[in-house]
Amino acid sequence: MPAPVALLAGLVFGAGLTISQMVNPAKALAFLDFAGMASGAWDPSLGRVMGGALAVSAPAYLLAQKRGIAALGSLRLPTRRDIDLRLAAGAVIFGVGWGLVGFCPGPGHCRARLRRDQGPDLLRRHAGRHGRLRSFRRRPAVQRRRPVRVSA
Amino acid sequence: MSNFMPVSALLGGALIGLAATIYVLGLGSVAGVSGILGGLLRPKSGDAPVQLAFVAGLIGAPLLMRAAGAPVPALTIDAALPTLIAGGLLVGFGTRLGGGCTSGHGVCGISRLSGRSLTATVMFMAVGATVVFVIRHLIEG
């Protein structure tokens with residue numbers, strides 16, 4: 001019985017990541033680009049996603065802790081409270097990786113299947129990048145997607 | 001403004017929160033993706049089928065949605081392959097060392113008002129933002 005419940009939770013989680021577009025690493029990077037606020041490049045989506053998630057899960061955790069037991073077994077939540085070096089170092093290392101490429105474990109795996117379809121496009125893009133010295137490229141999001149046409 | 005879609009962000013977020021709800025009220029544990037994936041590599045007795053089922057759902061969801069004709073977002077990955085590999089290793093190592101990622105610390109941990117998770121979330125967001133700032137505004141200028 002626990003496995004079907006976990007499957008359902010995974011499906012709902014993956015649907016949430018897809019609908020919110022968090023499967024796309026560019027969305028995470030656009031959120032982390034706080035300095036882009038000035039130019040309008042900042043994308044607050046990820047903040048909204050977390051807000052929406054917390055609005056649902058925070059009451060659920062309160063309820064779970066009040067009940068002290070889950071439907072299919074005991075409640076096994078982390079109990080540690082100390083902030084140690086491992087926690088801090090892990091958060092910093094994760095933050096560096098996240099800032100470099102924009103994906104974290106959930107979307108990264110949700111995305112693993114999606115990429116197959118877009119293989120040719122991705123390969124072309126990587127191939128184009130390999131010849132360059134610079135490994136980081138920023139797409140000029142607004143300009144490239146919406147070319148402005150001025151009609152005379 | 002880049003592709004900001006407030007409604008889909010909130011709705012998608014609520015679904016992620018619902019998944020965490022199903023996990024904690026049904027199974028009694030934290031729906032942290034990095035922890036579940038890490039658990040698969042070191043299977044404890046009995047946990048592996050549950051963790052596998054969750055990951056299957058996570059991977060299957062966008063496929064089912066596309067098969068049903070729902071819009072699935074295009075992906076934009078601008079990092080070069082070496083950067084992707086380095087980033088992936090850092091993400092994997094960091095989340096295991098720090099005991100969580102955006103789902104485990106960011107959603108589940110903050111939901112249960114954990115000081116550790118709040119600290120970790122603030123730290124990885126600040127560091128991620130710093131890296132993006134350096135790349136986008138200092139290196140690329």
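Scroll up to find the structure this text is about.
So, here is what we can say about the structure in this document. (Residues numbered from 1 in each chain as written. Chains lettered and ligands numbered in written order. Predicted model: local features only at pLDDT ≥ 70, side-chain atom pairs only at ≥ 80, totals over all residues. Heavy atoms only, no water.)

## Brief notes about helix 2 (residues 25-32) of chain A
Note the threshold: Only protein chains enter the accessibility calculation, which uses a 1.4 Å probe; a residue whose area is less than 20% of its type maximum is buried, one above 50% is exposed, and one in between is partly exposed. Counting from the N terminus, the helices are DSSP H or I runs at least four residues long and the strands are E runs at least two residues long.
Taken across its eight residues, helix 2 of chain A has seven buried, putting it largely inside the fold. Among all positions of helix 2 of chain A, only P25, K27, A28, L29, A30, F31 and L32 of chain A are buried.

## A few points about the environment of N24 of chain A
Applied cut-off: It only takes one pair of heavy atoms within 4.5 Å for two residues to be counted as in contact.
Along the chain, N24 of chain A turns up in the loop between helix 1 (2-19) and helix 2. By relative accessible area, N24 of chain A is classed as buried at 5%. When the C-alpha positions of N24 of chain A and G108 of chain A are compared, they lie 8.8 Å apart, and in sequence the two are 84 residues distant. Every residue in contact with N24 of chain A, bar those within four places of it in the chain, is listed here: A74, L75 and T76 of chain B.

## Looking at the pattern of salt bridges
Put simply, the test is: Any carboxyl oxygen of Asp or Glu within 4 Å of a side-chain nitrogen of Lys or Arg constitutes a salt bridge here.
Taken as a whole and assessed by the stated rule, the structure comprises six salt bridges over all chains. Linking R80 of chain A and D82 of chain A is a salt bridge whose minimum nitrogen-to-oxygen distance equals 2.9 Å. On the accessibility criterion, R80 of chain A (44% relative accessible area) is partly exposed. The exposure class of D82 of chain A is partly exposed, given its relative accessible area of 38%. Of the charged contacts in the structure, one is a salt bridge between D84 of chain A and R80 of chain A, with a shortest N-O distance of 3.1 Å. The network of salt bridges with common partners includes R80, D82 and D84 of chain A together with R116 of chain B.

## Some points on the packing of aromatic side chains
Our working definition: Two aromatic rings, drawn from Phe, Tyr or Trp (for Trp, its six-membered ring), form a pair once their centres lie within 6.5 Å of each other, and the interplanar angle then sorts them: stacked below 30 degrees, edge-to-face above 60, tilted otherwise.
Throughout the structure, instances matching the rule amount to eight aromatic pairs over all chains. Arranged with centres 6.0 Å apart and planes meeting at 35°, the rings of F31 of chain A and W42 of chain A form a pair that is tilted. Linking F31 of chain A in helix 2 with W42 of chain A in the loop between helix 2 and helix 3 (45-67), this pair joins segments that are 11 residues apart in sequence. Taken individually, F31 of chain A and W42 of chain A each receive the classification buried, so the pair is uniform in this respect. Ring geometry for Y23 of chain B and F54 of chain B: centres 5.3 Å apart, planes at 80°, overall edge-to-face. You can see Y23 of chain B sitting in helix 1 (residues 6-27) and its partner F54 of chain B sitting in helix 3 (residues 47-67), a full 31 residues away along the chain. Here the two residues Y23 of chain B and F54 of chain B agree in accessibility, since each one is buried. Ring pairing ties together the aromatic residues F13 of chain A together with Y23 and F54 of chain B, which thus form one cluster.

## Focus: the state of the cysteines
Rules: Note on terminology: pairs of cysteine sulfur atoms within 2.5 Å are recorded as disulfides.
A complete count under the given rule lists zero disulfides over all chains for this structure. Left unpaired, C104 of chain A is separated from the closest cysteine sulfur, that of C101 of chain B, by 6.2 Å. Residue classification places C104 of chain A among the buried residues on the basis of a relative accessible area of 7%. Classification of C101 of chain B as buried rests on a relative accessible area of 0%.

## A short note on helix 4 (residues 81-98) of chain B
Residues and elements named next belong to chain B. Cut-off, in case you're wondering: Each helix should span, by expectation, one fewer than its residue count multiplied by 1.5 Å. This arc is taken over the directions from the axis of the helix to the C-beta atoms.
Taking 1.5 Å per residue as the helical rise, helix 4 with its 18 residues ought to reach 26 Å, and the 25 Å between its terminal C-alpha atoms agrees with that figure. Among all positions of helix 4, only T83, L84, G87, V91, G94, T95 and G98 are buried. Seen along its axis, helix 4 keeps its buried residues to an arc of 110°; they face one direction. In helix 4, the exposed positions angled more than 90 degrees off the buried face are occupied by P82, I85, L89 and F93. G99 occupies a position one or two residues after helix 4 and carries a positive phi of about 75°.

## Comments concerning a nonpolar patch on the surface
Selection criterion: Residues enter patches when their relative accessible area tops 30% and they take part in no salt bridge; the joining distance is 9 Å for like charges and 5 Å for the nonpolar side chains Val, Leu, Ile, Met, Phe, Trp and Tyr. Only the protein chains shown count as covering a residue, and every accessible area follows the Shrake-Rupley method with a 1.4 Å probe.
Taken together, the side chains of F133, V134, L138 and I139 of chain B present a nonpolar region at the surface, about 330 Å² in accessible area. Tracing the sequence through the fold places F133 of chain B in helix 6 (residues 115-139).

## Some remarks on the interface of chain B and chain A
Threshold: Two parts placed together each lose some accessible area; with a 1.4 Å probe, that loss summed over both constitutes the buried area. Contacts described as polar in this section are N or O atom pairs within 3.5 Å, which, within protein, must combine one atom able to donate a hydrogen with one able to accept it, while residues neighboring in sequence count only if both atoms come from side chains.
With 102 residues of chain B at the contact, the number on the chain A side is 109 residues. Both sides together, the interface formed by chain B and chain A hides about 9,800 Å², and carbon and sulfur atoms give 71% of it. Considering only the surface of chain B that becomes buried against chain A, L75, D78 and R116 of chain B emerge as the three largest contributors, covering 8% of it. Counting every contact that joins chain B to chain A gives three salt bridges. The interface formed by chain B and chain A includes 14 residue pairs in polar contact (both at pLDDT 80 or more).

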